[in-house]
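The lines below spell out each chain.
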Amino acid sequence: MTATPTAPVGIPPAVTEETAPFWEAAAAGRLLVERCVRCEAESFPPYGMCRACRGRDVEHVEITGPGHVYSFTVNYQRWMPGLEVPYALVLVEFAGHPGVRVFGRLRGCPPQEARIGMAVEVGFEPGPGGYAVPSFIAVAAESAVPAEGAAGAERAA
Amino acid sequence: MTGMGTDLFERRVVISGVGQSAIGRQLDRSGFQLTIDAILAAVADAGLTVDDIDGLAMFPGGGKANLPGYANGNLYEIQDALRVTTTWRQGIIEGMCLPFYGPAMAVATGQARHVVVWRTVKEGSAARNAGGRPAYGSTNSAAEGPLAWLLPVGALSPVCQLAPYTTRYMHEYGVTREQLAWIPVTQRAHAALNPDAVYRSPLTVDDYLASRMISSPICLYDCDVPADGATAIVVSAAETAADLRAPVGVEAMAGVVDGRPSWEQWEDMGRVGYATAAAMWARTDLRPADVDVAEIYDGFTIEAVWWLEAMGFCGPGEAGAFVEGGKRISLGGELPLNTWGGQLSGGRLHAAFGHTAEAVRQLRGEAGDRQVAGARVAAVTSVGGYEAGAALLTSWPR
Ligand SMILES: [Zn+2]
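Residues numbered from 1 in each chain as written. Chains lettered and ligands numbered in written order. Predicted model: local features only at pLDDT ≥ 70, side-chain atom pairs only at ≥ 80, totals over all residues. Heavy atoms only, no water.

1. Describing the packing of helix H1 (residues 31-46) of chain B against helix H2 (residues 75-82) of chain B
Residues and elements named next belong to chain B. At their nearest, the axes of H1 and H2 sit 11 Å apart, and the two run at 55° to each other. With respect to H2, the element H1 is oriented oblique. Considering the relative orientation of H1 and H2, their crossing is right-handed. The segment H1 lies against H2, with Phe-32, Thr-35, Ile-36, Ile-39 and Leu-40 engaging Glu-77, Ile-78, Ala-81 and Leu-82. For the contact of H1 with H2, the per-class residue count stands at seven nonpolar, one polar and one charged. (Axes fitted to C-alpha atoms, helices over the stretch in contact; angles between N-to-C directions. Helix = DSSP H or I, 4+ residues; strand = E, 2+ residues; numbered from the N terminus. Parallel < 35°, antiparallel > 145°, perpendicular 65-115°, else oblique. Left-handed = near helix turned anticlockwise from the far one by under 90°. Contact = heavy atoms within 4.5 Å. Nonpolar A, V, L, I, M, F, W, Y, C, P; charged D, E, K, R; others polar.)

Here it is in structure tokens:
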């Protein structure tokens, strides 16, 4: 281990009016998405607009896990000097939250053990520029949902 | 019969010229000089002079660049150097994806008669200067717009963004790396016959399987080759065909974005490009079996897979079996694929500029040792998913 844990290599997000609530909550370890006041549909990423009914009145709600992995990759390439590899990146969806898919890191298991359908808990880790970035936590294998068992994933764990 | 009638705007235009600079891993000439080389070659190839040109377009527009070496040959400076009067101009980064789509609209609506569009990359030199293929968005200090959801978590390259599509596709259809290997392997054999290809030495399935993983399951040979080079294409009014050296017809084209226009939010990562292909086929009586040569986008192996299936050359999930062994997609096969080597071996000339240049050469019978005998219909596609284009080009006269 040569990199300093407190200074992860990478490119930080440019924070905007629409995305500030997400990044502020991320720092507190909470995953926020937009929910439409009118129709209650959830949208991600945040646009200040409901993707279901185009309503402009949105509030922010927290999504808690577990989610499940829609797809993933294990990155081996050192794209920037000092980047620690390998690491797994997962696309996570949440049963009962059809408008939400979040890209993040995976921890709690070796990156090569990432699988489609595996259950993960919501988490964050220190990212570039002092921002906390999504970093999902693998749920122990015996409680993981089957690969196609997305529905009811919240109950399975 | 065609669903659209016979008055399709693309039938009023031809692709009259294609030209390329030298193409290489790294070239010690500026992107500007490479651009001028390609434009002058394309204009001469069309049988025109620079004074005939009244429209200019480039990809990307506005000099916008997310990758070092991505954008070269500034439109204003090129126009000034060439001393061209324009009645139509366009910078294209978002848009219809195919290089000739916007120029065709301009020509078909009478806004210009001969448009040159160019794309110049210096990504090979940029990769060398960075000590390796640089991170996407590393030209900026912070990740803006859609990149804010990709770069900070470590999806630092298009490789990391396309890899989950490959993972999902292989999961859904049981396609293997041993099967997919035949795309880069066969295209390398084609590149061996193309003196302008970046990599021409033989590649085997064993080489592919032994190569290093970049972002699983995408390995080194699944990635296109960062290169230096310029491609220019001239789009002309069909009514000028008699004045042109060797025009090629545009039978049909379309670009449909029917899913979320985002790498990571695209809903169904196992199916990409279908709406674009369907819209394109609705504009022609030709069918997939009529296609003699396929110059389909291959920024990564998986993108060629998308287009093989979306265009109907094989069914959903069947691309692995279709390409396995390489016979069908070889020069003598039923669907010769990326006969110039594609971006995987020919070089990342990007946005289907290299694919278009090759399609034109094949339809003219000017593709040298890699010529597909009697090629009369070529498919050209670009990217897929959040930006997508597909076209059929035909030999001339139709
Ligand atoms: Zn709503």
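2. Here we look at the side chain of B:Asp298
Residue and element names in this part refer to chain B. Structurally, the position occupied by Asp-298 is in the loop between strand S9 (293-295) and helix H10 (301-310). Among buried Asp, Glu, Lys and Arg side chains, Asp-298 stands out as unpaired, with Arg-348 the closest opposite charge at 9.1 Å. In this structure Asp-298 touches Gln-187, Asp-224, Glu-303, Ala-304, Asn-338, Gly-341, Gly-342, Gln-343, Leu-344 and His-355, once residues within four positions along its chain are discounted. (Buried < 20%, exposed > 50% of the residue type's maximum accessible area, 1.4 Å probe, protein only. Lys, Arg positive; Asp, Glu negative; His and termini not counted. Salt bridge = Lys/Arg side-chain N within 4 Å of Asp/Glu carboxyl O.)

3. So, the UniProt feature "domain: ChsH2 C-terminal OB-fold" (unreviewed entry) in chain A
UniProt annotation of "domain: ChsH2 C-terminal OB-fold" (unreviewed entry) refers to residues 61-124 of chain A when read in the numbering used here. As annotated, residues 61-124 of chain A has a helix share of 0% and a strand share of 55%, and its two end C-alpha atoms lie 17 Å apart. (UniProt positions renumbered as here; feature names shortened; annotations may be inferred.)

4. Things to note about the pattern of salt bridges
Inspection of every chain in the model, using the stated rule, returns 19 salt bridges over all chains. The partner of A:Glu62 in a salt bridge is A:Arg30, with the nearest N and O atoms 3.0 Å apart. Here A:Arg30 lies in the loop between helix H1 (20-27) and strand S1 (31-36) and A:Glu62 lies in strand S3 (residues 58-63), a separation of 32 residues in the sequence. With a shortest N-O distance of 3.5 Å, B:Lys122 and B:Asp228 are connected by a salt bridge. Taken together, the positions of B:Lys122 in strand S4 (residues 114-122) and B:Asp228 in strand S7 (residues 228-237) put the pair 106 residues apart, joining distant regions of the chain. Grouping residues by exposure puts B:Lys122 and B:Asp228 together as buried.

5. Thoughts on the coordination of the zinc ion
Around the zinc ion, the protein contributes the donor atoms A:Cys36 (SG), A:Cys39 (SG), A:Cys50 (SG) and A:Cys53 (SG), which lie 2.3 to 2.4 Å from the metal centre. In this structure, the zinc ion is coordinated by four donor atoms arranged in tetrahedral fashion, with angles at the metal of 102 to 118°. (Donors = N, O, S within 2.8 Å, 3.2 Å for Na, K, Ca; no water. Tetrahedral: all angles 85-135°; square planar, octahedral: opposite > 155°, others 65-115°.)

6. Some points on the interface of chain B and chain A
Taken residue by residue, the interface counts 40 residues in chain B and 37 residues in chain A. Buried area between chain B and chain A, both sides added, is near 3200 Å², and the carbon and sulfur share of it is 61%. Interface area lost by chain B to chain A is led by B:Trp149, B:Val153 and B:Arg260, which between them contribute 23%. Applying the counting criterion to the chain B and chain A interface returns zero salt bridges. Counting every contact that joins chain B to chain A gives 21 residue pairs in polar contact (both at pLDDT 80 or more). (Buried area = accessible area lost by both parts, 1.4 Å probe. Polar contact = N/O pair within 3.5 Å; in protein donor to acceptor, adjacent residues only side chain to side chain.)

7. Thoughts on the packing of aromatic side chains
All told, the structure shown has 12 aromatic pairs over all chains when counted by the stated rule. Measuring from ring centre to ring centre gives 5.9 Å for A:Trp23 and A:Tyr131, while their planes differ by 70°; the resulting arrangement is edge-to-face. Taken together, the residues span a long stretch of sequence, with A:Trp23 in helix H1 and A:Tyr131 in the loop between strand S8 (124-126) and strand S9 (132-138) at a distance of 108 residues. A residue is classified by how much of its surface remains accessible, and A:Tyr131, at 28% relative accessible area, is partly exposed. With 5.9 Å between their ring centres and 85° between their planes, B:Tyr165 and B:Trp263 make a pair best called edge-to-face. (Phe/Tyr/Trp six-rings, centres within 6.5 Å; stacked < 30°, edge-to-face > 60°.)

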